[in-house]
Amino acid sequence: AYLAAIQTPVLMEISGDDLVVDSAAAQRAAALLPHCAHVNIPGARHEIWMERDDLRGFWLSRVNDFMATQTDV
């Protein structure tokens, strides 16, 4: 109920090879957030900003797309 009550738009990145965060738990949380867009990045590890250029670039393009849809920012 807590997550379902959050009205803030959220963009969540879920790393396929994350050893810190349980990807299945992150997927469940994303499904409960009513305004959550999530991006699965297979092969990425926990810290996406320290990843290879191609993975980091893919994530950054998703961030840009998400921000472009936010009219109240």
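Just so you know, these numbers come straight off a predicted model, no measurement behind them. (Residues numbered from 1 in each chain as written. Predicted model: local features only at pLDDT ≥ 70, side-chain atom pairs only at ≥ 80, totals over all residues. Heavy atoms only, no water.)

**Student:** Would you mind showing me how to read the pattern of salt bridges here?
**Tutor:** If charged atoms from side chains of opposite charge come close, those side chains can pair. Tallied over the entire structure, the rule returns 4 salt bridges. The residue arginine 45 makes a salt bridge to glutamate 51 at a minimum N-O spacing of 3.7 Å. Across the pair arginine 56 and aspartate 53 runs a salt bridge whose closest N-O atoms are separated by 2.3 Å. Taken together, the positions of arginine 56 and aspartate 53, both in helix α2 (residues 53-68) and 3 residues apart, correspond to about one turn of that helix. Accessibility expressed as a relative area gives 25% for arginine 56, which makes it partly exposed. Aspartate 53 sits in the exposed class, given a relative accessible area of 58%. (Salt bridge = Lys/Arg side-chain N within 4 Å of Asp/Glu carboxyl O. Helix = DSSP H or I, 4+ residues; strand = E, 2+ residues; numbered from the N terminus. Buried < 20%, exposed > 50% of the residue type's maximum accessible area, 1.4 Å probe, protein only.)

**Student:** Is there a simple way to think about the nonpolar core in this case?
**Tutor:** The tendency in soluble globular proteins is for nonpolar side chains to be buried side by side. Val39, Ile41, Ala44, Ile48, Leu55, Trp59 and Val63 together form the largest nonpolar core, which totals 7 residues. Mapped by element, the contributors of at least two residues to this core are β2 (36-41) and α2. Examining the composition of this core, we find that 3 residues originate from one element, α2, more than from any other. The residues contacting isoleucine 48, other than those within four sequence positions of it, are Glu13, Ile41, Leu55, Arg56 and Trp59. (Core = buried A, V, L, I, M, F, W, Y, C linked by side-chain atoms within 4.5 Å. Contact = heavy atoms within 4.5 Å.)

**Student:** Would you mind going over the environment of alanine 25 with me for this structure?
**Tutor:** In this fold, alanine 25 is placed in helix α1 (residues 23-32). Given the relative accessible area of 30%, alanine 25 is considered partly exposed. A sequence separation of 16 residues divides alanine 25 from isoleucine 41, and the C-alpha atoms of the two residues are 15 Å apart.

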